[in-house]
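Structure at a glance
Residues per chain, in single letters:
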Amino acid sequence: MRRIITLPAAAITFGAILLAPVSASASAKTPDQPKHLHLVAVTKTSITAAVKPAAHAKRYRLYVGRKQRDLAVVRAASAAVAAKSSRKPRITVTGLPYATAPYYFRIAAINGSKRRFSATIGSAELMPPSPTKLVAHSSATGTYLTWHGEQVPHLTVLQATNPTFTAGRRTYQIRAIARQFTPYGLARGQTYYFRVRSHSGPSHGKWSNVAHTTVVSSEQSLRMMTYNLMDLSRDGTKEDGTTIAPWSERLKGVVQWFRQASPDVAAVEEGGDWVGATGGPRQVDSVVSALGGSYSLAHTEVSPGEPGCCHRTGQYLLYKTSAYRAVGDGGHWTFPGNGSTHEAAYQILQNRTTGARLLVVAVHVAVGNHKSADRLRKRQTALLIQDARGYAAAHGNLPVVYGGDFNSAPQNHAVDGPGIEMRKADVADAFNVAQSHKNSRFNSANGYFRKPPAAGIYLDHIFASPGVAVKSWRLMLNLQHGRFVGVIPSDHNPLVSDLVISY
């Protein structure tokens, strides 16, 4: 009878020689570090990456994560959202859901239990979905485009005067999430053709369908400013270590900005504090007075000297007297707040030369960085849009321009309520659709720092309804060597945009 004897793995004898057990993983050499990590291709749902072949590597593994830190050597196996192995140093991971944020990727060279990760981590943006159902609209209130599609970070609009896009070509860039755009420089009676393509980093989708329309209106330029003056009750207090100058000194800087920017209309926030005696001039009145009659103040509340004085909203509208006139009295809308009410001032303005009309709105919504404040600003903005749309419709379907301190930016708020509601209503943020930008690296709120913060966070916004085009966006700062010169007029910087309205 044969017997099979199993010897312990600890030792196997061969004659008089004692041999140690052989482990494949123990004898495997550690592969060289894979080099030249690079992105090969992306699709709507996949990333293909590659490295140069590494010595002693038997296979390779591509890890893909949502955040760069997910691909740290000690975390990649558990934190990566997707991974794929291959014998070749070129690997494709599929089934990735589309996201506006980039994905990160890293490749490891493997030999048994030994592995070496690439020294670098790459990033890739998936091919964005293409816009669909593009429609071109044209009426007396302007020519604009709308489309359907998922949210994408960038779009290109191509315009031409023939359907093959070989004549009268013009290209517009849209910086952020949008489903509406208003072109400008259009000639009345001319037919234009449009198509739209989405971008995500270097990746782009296919062109949308072609839409066309014949322009039935003329264009009128309008320069809009929004400026939070900072309540004079703050005078003499300290903000971030800097003592706030008295209003009498800050006023000079405010007037300087008005004269330099020369806006046709300005939305002013925090302009209601009394300058001197109660019931006397407000901050905004002192601005109008110092401008020497070149600007008029829209009548949007019970003003000093009127019966029932005085109700102060703090939000006001100034317009260039020589260029525009107020159509009747304006007014204000009130919204629920966090312990207090918030209000928006409104006024219909008409150009004295062309007759072009629009509804302009100045607003200051709730302050706060917590989620409840985000939700409150979202509700307030929804109510603001509802009131403005209703008023504009009742007075001839007027275009609407909003300016103000919305206290919200997508970079530092969990929910950018104003942005969400404006996009839902197809109202464009001037920053996103402007074709030129200046000082965009700075924050719109300077915090009264002598050296203004430069994180590109904008709490102040100009929003434009469909049919109102935006040519430019700029923050105004008086700096030398990166620091404010002289008295800082406010803890906000003026925001100015060149717009185009139709008539």
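In this report, the structure presented in the accompanying data block is examined.

Section: the overall build of the protein chain
A count of helical and extended segments in the protein chain gives seven helices and 36 strands. Here the C-alpha atoms of the protein chain give a radius of gyration of 30 Å, more than 25% beyond the 23 Å that 2.2 N^0.38 yields for 503 residues. Counting only residues that meet the buried cut, the protein chain has 50% of its 503 residues in that class. In the protein chain, the proportion of contacts linking residues at least 24 apart, taken out of those at least 6 apart, comes to 68%. Summed over all atoms, the accessible surface of the protein chain reaches about 22800 Å², with 52% contributed by carbon and sulfur.

Some words on the sheet that holds strand S7 (residues 90-93)
Taken in spatial order, the three strands make up an open sheet running S3-S4-S7, and their pairing is antiparallel. Each edge of the open sheet is held by one strand with a lone partner, namely strand S3 (38-42) and S7. For this sheet, the mean inter-axis angle between neighbouring strands, taken without regard to orientation, is 25 degrees. Taken together, the four bridges between S3 and strand S4 (residues 47-50) define a ladder with antiparallel strand orientation. Among the inter-strand pairings, histidine 38 is bridged to a residue of S4, identified as alanine 50.

Let's talk about the packing of aromatic side chains
Think of a pair of aromatic rings as described by two things: how far the centres are apart, and how the planes are tilted against each other in angle. Within the structure shown, the criterion is met by 12 aromatic pairs. Ring plane angle 45 degrees and centroid distance 4.8 Å describe the contact between phenylalanine 431 and tyrosine 458, whose orientation is recorded as tilted. With phenylalanine 431 in helix H7 (residues 430-433) and tyrosine 458 in the loop between strand S31 (436-438) and strand S32 (460-464), the pair connects residues that are 27 residues apart, well separated along the chain. Ring geometry for phenylalanine 431 against tryptophan 473: centres 5.0 Å apart, planes inclined by 80 degrees, an arrangement best described as edge-to-face. Linking phenylalanine 431 in helix H7 with tryptophan 473 in strand S33 (residues 469-475), this pair joins segments that are 42 residues apart in sequence.

Here's the deal with the side chain of serine 208
The topology assignment puts serine 208 in the loop between strand S17 (203-204) and strand S18 (211-214). Beyond its immediate chain neighbours, meaning those up to four positions away, serine 208 contacts Pro131, Leu134, Arg195 and Val196.

Re the pairing of strand S28 (residues 357-364)
Counting buried residues in S28 gives seven out of eight residues, a clear majority hidden from the surface. With seven bridges connecting them, strand S27 (residues 342-351) and S28 associate as antiparallel partners. If you follow tyrosine 346 over to S28, its bridge partner there is valine 361. Here S27 folds back onto S28 in antiparallel fashion, the turn holding five residues, of which glycine 355 has a positive phi close to 85 degrees. Examined bridge by bridge, S28 and strand S29 (residues 400-405) share six bridges and lie parallel to one another. Bridged to valine 361 within S29 is tyrosine 402.

Notes on the packing of helix H5 (residues 371-394) against helix H6 (residues 417-424)
Interhelical geometry of H5 versus H6 gives an angle of 30 degrees and a closest axis separation of 7 Å. Here the hand of the crossing between H5 and H6 comes out right-handed. In this structure, H5 contributes Asp374, Arg377, Lys378, Thr381, Ala382, Leu384 and Ile385 to the contact, and H6 contributes Gly417, Pro418, Ile420, Glu421, Met422 and Lys424. In the contact of H5 with H6, the residues fall into six nonpolar, two polar and five charged.

A short note on the pattern of salt bridges
On inspection of all chains with the given rule, the structure shows 10 salt bridges. For arginine 377, the salt bridge identified is with aspartate 374, shortest N-O distance 2.6 Å. Placement of the pair is arginine 377 and aspartate 374 together in helix H5, with a separation of three residues, close to one helical turn. By relative accessible area, arginine 377 is classed as buried at 0%. By relative accessible area, aspartate 374 is classed as buried at 0%. As a salt-bridge pair, lysine 378 and glutamate 421 come within 2.6 Å of each other at their nearest N and O atoms. Pair noted here: lysine 378 is in helix H5 and glutamate 421 is in helix H6, with a separation of 43 residues, a long-range link. On the accessibility criterion, glutamate 421 (9% relative accessible area) is buried.

Some details on the layout of surface pockets
The space that makes up the largest pocket amounts to roughly 600 Å³. If you go around the largest pocket, you meet 26 residues; those closest to its centre are Ala176, Ile177, Pro410, Arg423 and Asn432. Looking at the lining of the largest pocket, the elements with two or more residues in it are H6, strand S30 (428-429), H7 and S32. Broken down by class, the residue content of the lining of the largest pocket amounts to 13 nonpolar, seven polar and six charged.

Calculation rules
Residues numbered from 1 in each chain as written. Predicted model: local features only at pLDDT ≥ 70, side-chain atom pairs only at ≥ 80, totals over all residues. Heavy atoms only, no water. Helix = DSSP H or I, 4+ residues; strand = E, 2+ residues; numbered from the N terminus. Rg over C-alpha atoms; globule rule 2.2 N^0.38 Å. Buried < 20%, exposed > 50% of the residue type's maximum accessible area, 1.4 Å probe, protein only. Contact = heavy atoms within 4.5 Å. Areas by Shrake-Rupley, 256 points an atom, 1.4 Å probe, with all protein chains shown as cover. Pairing = 2+ DSSP bridges. Axes fitted to C-alpha atoms, helices over the stretch in contact; angles between N-to-C directions. Phe/Tyr/Trp six-rings, centres within 6.5 Å; stacked < 30°, edge-to-face > 60°. Left-handed = near helix turned anticlockwise from the far one by under 90°. Nonpolar A, V, L, I, M, F, W, Y, C, P; charged D, E, K, R; others polar. Salt bridge = Lys/Arg side-chain N within 4 Å of Asp/Glu carboxyl O. 1 Å grid on protein atoms, 1.4 Å probe; cavity = no way out; pocket = protein on both sides within 12 Å on 5 of 7 lines; lining within 4 Å. Points joined across faces, edges and corners; volume = space filled by probe spheres on them.

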